[in-house]
Amino acid sequence: MPLPPIDTDYLVVFLSELLNTPSPTGYAYRAIALTEQALGAFPSLELGRTRKGALVATWRGANNDAPRALTAHADTLGAMVKEVKPNGRLKLTKIGGFAWNTVEGEGCTVFTRKGQPLRGSLLLVKASSHVHSTQVGDLKREDDTMEVRLDARTHSADDTRAQGVDVGDFVSFDPRLEITNGFVRSRHLDDKACVACILAAVKAISDAGLRPAQDTTFHISNYEEVGHGAAAGIPAQVSELLTVDMAAVGEGQASDEFHATLCVKDSGGPYHHGLSERLRELAETHAIPYKVDIYPYYGSDGEAFWRAGGDVAVALIGPGVDASHNYERTHLEALTATAQWVAAYLLSE
Ligand SMILES: [Zn+2]
């Protein structure tokens, strides 16, 4: 049976909304709520939240003897205010694993506890070439050498606190989304691209009047970037967990921006061979453009569930994303391939 068609316009519109919804890990509720609202359009899905704040949607399948789960994460890299500095600027602490130079110069939003969110930008403490000359290039980018310059009249810590800013406020970096010639360039495609691919697959199956082959749980994680997102929230009776997360593109990698990738091994070791083989066969049956790859510095929510004691087969697929945890980019071809692969898996006996 051919796969139902993927509505790429729907995929791109939802992805754009999701990318433009700030959701650093620990403060991802807006992205979870947006995804919940979008899944609410499909009446066959039962929606719920875990106590930790993840979104869980279940779809009754034709069978329930081997129930399945899929996970993707809506949380992203970001930061938190570590100190309000004497000059009124903010020292940050990172949320998730990235290098400061990847967000240097980026616009950001500080979410204050009581007041309005404040805008600003992340800069080197010695930012001006006319003042600091070669130090602008030479200074090592570290927690102590980066600061947020708020777009507010603040000259002291007290001025800044008077704006409602304090230690512990979440900070999001602007995604700077742009879509050109099928390329989707944005921060946080990891892993919002895959949340959108899952939704597009659900829509394709739903629009065709079909349902999954097995009872299926969709787990939209809110703590993946710090390593324990899917440690909770996957039902115990599930026999397989398909993790949908970005593929690492770069020198020496098989993945690219025009294919979906099956990851067979990452920093956490090999994925489940039997489930990975089935996914390869599904991709071949349905002529889905795919690659097989190994990610050298990478962990997934599937492994988080394994480490938490999950007794399931785990596999990992996702679109190729260039410059991950930096200013990322993928292509519609990789997104469509991933959505098709998810649909193929959901419908497979
Ligand atoms: Zn990810």
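Anything mentioned here points back to the structure above.
Remember, it's a predicted structure, so these values are computed and weren't measured experimentally.

Trainee: Please give an account of the overall build of the protein chain that cites residues and values.
Mentor: Assigned secondary structure in the protein chain consists of nine helices and 19 strands. For the protein chain, the C-alpha radius of gyration of 21 Å lies close to 20 Å, the compact-globule estimate for 349 residues. For the protein chain, the spread of C-alpha atoms along the three principal axes comes to 65 × 40 × 40 Å. Taken across its 349 residues, the protein chain has 54% of its residues classed as buried. For the protein chain, the proportion of contacts with a sequence separation of at least 24, taken over those separated by at least 6, is 76%. For the protein chain, the computed accessible surface area is about 14,600 Å², with 49% contributed by carbon and sulfur atoms. One finds the centroid of the 32 positive side-chain charges in the protein chain at a distance of 7 Å from the centroid of its 45 negative side-chain charges.

Trainee: Got a sec to walk through the pattern of salt bridges? Specific residues and values, please.
Mentor: Taken as a whole and assessed by the stated rule, the structure comprises 19 salt bridges. When the shortest N-O distance is used, the salt bridge between arginine 185 and glutamate 178 registers 3.0 Å. The salt bridge involving glutamate 240 is made with arginine 278; its shortest N-O contact spans 2.4 Å. Within this pair, whereas glutamate 240 is found in strand β13 (residues 240-244), its partner arginine 278 is found in helix α7 (residues 273-285), the two being separated by 38 residues in sequence. Here the salt bridges do not stand alone but share partners, grouping Lys82, Glu83, Lys91 and Asp144 into one network.

Trainee: Please provide a residue-by-residue account of helix α2 (residues 29-39), values included.
Mentor: For α2, the full list of buried residues reads Ala31, Ile32, Leu34, Thr35, Ala38 and Leu39. Looking straight down α2, one finds its buried side chains confined to an arc of 160°; they lie on one side. The inward-facing, buried residues of α2 abut α1 (8-19), β1 (45-49), β2 (55-59), α6 (189-207) and β12 (214-221).

Trainee: Any chance you could break down the nonpolar core for me, citing the residues and the numbers?
Mentor: A general feature of soluble globular proteins is that nonpolar side chains tend to end up buried together. Formed by 76 residues in total, the largest nonpolar core has its most connected members in Phe14, Leu45, Leu70, Phe218, Leu242, Leu279 and Trp341. Examining the composition of this core, we find that 13 residues originate from one element, α6, more than from any other. When neighbours within four sequence positions are excluded, leucine 242 is seen to be in contact with Ala69, Leu70, Thr71, Leu279, Ala315, Leu316, Ile317 and Tyr345. Ranked by size, the runner-up nonpolar core spans 21 residues in total, among them Leu77, Val84, Leu92 and Leu150.

Trainee: Describe the coordination of the zinc ion, with residues and values.
Mentor: Binding of the zinc ion to the protein goes through His73 (NE2), Asp190 (OD), Asp245 (OD) and Asp245 (OD), at separations of 1.9 to 2.5 Å. Geometry at the zinc ion is irregular, judged from its four donor atoms and the angles of 52 to 142° they form at the metal. All donors to the zinc ion come from one chain, and their sequence spacing reads H-x116-D-x54-D. Placement of the pair is histidine 73 in strand β3 (residues 63-73) and aspartate 245 in the loop between β13 and β14 (247-249), with a sequence separation of 172 residues. Like aspartate 245, histidine 73 is buried.

Criteria and thresholds
Residues numbered from 1 in each chain as written. Predicted model: local features only at pLDDT ≥ 70, side-chain atom pairs only at ≥ 80, totals over all residues. Heavy atoms only, no water. Helix = DSSP H or I, 4+ residues; strand = E, 2+ residues; numbered from the N terminus. Rg over C-alpha atoms; globule rule 2.2 N^0.38 Å. Buried < 20%, exposed > 50% of the residue type's maximum accessible area, 1.4 Å probe, protein only. Contact = heavy atoms within 4.5 Å. Areas by Shrake-Rupley, 256 points an atom, 1.4 Å probe, with all protein chains shown as cover. Lys, Arg positive; Asp, Glu negative; His and termini not counted. Charge placed at Lys NZ, Arg CZ, Asp CG, Glu CD. Salt bridge = Lys/Arg side-chain N within 4 Å of Asp/Glu carboxyl O. Arc of directions from axis to C-beta. Core = buried A, V, L, I, M, F, W, Y, C linked by side-chain atoms within 4.5 Å. Donors = N, O, S within 2.8 Å, 3.2 Å for Na, K, Ca; no water. Tetrahedral: all angles 85-135°; square planar, octahedral: opposite > 155°, others 65-115°.

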